Amino acid sequence: MEDVLQTLGVALGLAALAGLNLYLTVFAAGLAIHFSWVALPASLQSLHVLGDPWVIVVAGILYFLEFWADKVPWIDSANDTVHTIIRPIGGALLAVLALGDAHPAVKVVAALLAGGVALSAHAAKAGTRLVANTSPEPISNIGLSLGEDVVVLGGLTLVAWHPIVALIATVLVILAIWVLLPKLLRSIRATGWLAWRKLNEPADGADADNIFRKIPGPCEL
C-alpha cells in the first residue's frame, strides 16, 4: 500500500508541478536523474527516460525561452494561453510515465486525474498572472515567475524525498485552488469589464462611482 501511495504521490506531484512550469519540471527532474542526485526505486524506473541527454537539452532550451517570456507583462499571459493544452497533456504524460507497467485501465484513470490536477494548477497560475498584468509595473510579474520556479524546485525535492507528503500537499493545494478559483475568475471578469468601460467612456470623462455601481452581477466579488 505504501508503494502505491508513493507512486501516486510522484505521479500527481509531477502533474501539479507541470501545470506551473512543464519545462522546468522535466529539465530539473532530468538533471537529477541523469547525475544520480536521486535514486529511483524499482517502481519508478520508467522515469529514467527523463535523464536522457536529448530530453534534458530540449526541455532546457524550452525553459530558457519561457523563463524570459514569463517575466514580461501580457506576454506571460499569451504564453499561458498557448500552454493551456500543453501543460495538462504534459502533466498527464508524466503521471503515466511514473506508473511504469501498471494496468492500462489504471494508466487511463491516472492520466485523467493528472490532467485535471495539471489544468487546475495552470488555471491558478494563468488567472493570477492576468490579475497581476493590470498593474503597470513589471515587478509583480517577475516576482510571481521566480516564486513559481522556486515552488517547482521545492516541489520536486519533496516528491523525490517524501512522495507521500507530496501527495497530501498536492491534494490540499488542488482543493484550495478549486475553492479560490471562482473568486479569482470573478476578479478577472471585473477587472476586464472595468478596463473596457474605462476605454469606452466619453472623452470628457465619466462618473467613476457610476461605473462601479453598474458592474454586472457575475463580476461582483
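Here we summarise the structure given alongside this text. Each chain has its residues counted from 1, running along the sequence as written. In keeping with the predicted nature of the model, local features appear solely for residues at pLDDT of at least 70, side-chain atom pairs appear and are counted solely at 80 or more, and the whole-chain, interface and lining totals rest on all residues. Only heavy atoms go into the side-chain values, all of them from the structure, while hydrogens and water stay out.

Below, the discussion takes up the pattern of salt bridges. Whenever Lys or Arg places a side-chain nitrogen within 4 Å of a carboxyl oxygen from Asp or Glu, that contact is recorded as a salt bridge. Following the criterion strictly, the structure yields seven salt bridges and no others. Where R129 meets D76, a salt bridge forms, and the shortest distance between an N and an O atom there is 2.9 Å. Taken together, the residues R129 in helix α4 (residues 104–132) and D76 in helix α3 (residues 75–99) connect sequence positions 53 residues apart. Across the pair, D76 and R129 agree in class, each one buried. The residue K125 makes a salt bridge to E148 at a minimum N-O spacing of 2.6 Å. Note on conventions: DSSP H or I runs of at least 4 residues are helices, E runs of at least 2 residues are strands, and numbering of each starts at the N terminus. For each residue, the accessible area found with a 1.4 Å probe, counting protein chains only, is set against the maximum for its type, and the residue is called buried under 20%, exposed over 50%, and partly exposed in between.

This paragraph deals with the environment of P138. Positionally, P138 belongs in the loop between α4 and α5 (139–161). Residue contacts follow a heavy-atom distance rule, with two residues in contact if any of their heavy atoms lie within 4.5 Å. For P138, the contacting residues outside a window of four places in its chain are K71 and P73.

This part is about the packing of aromatic side chains. Each aromatic pair joins two rings of Phe, Tyr and Trp (for Trp, the six-membered one) with centres within 6.5 Å, and gets the label stacked for planes under 30 degrees apart, edge-to-face for over 60, and tilted for any other angle. Taken as a whole and assessed by the stated rule, the structure comprises five aromatic pairs. Taking the centre distance of 5.6 Å and the plane angle of 20° together, the rings of F35 and W37 count as stacked. We classify F35 as partly exposed; its relative accessible area is 48%. Relative to F67, the ring of Y63 lies with its centre 6.0 Å away and its plane at 70°, an arrangement referred to as edge-to-face. Remark: F67 and Y63 occur in helix α2 (residues 53–69); sequence separation between them is four residues, near one turn of the helix.

All quantities given are derived from atomic positions and should not be read as evidence of function.
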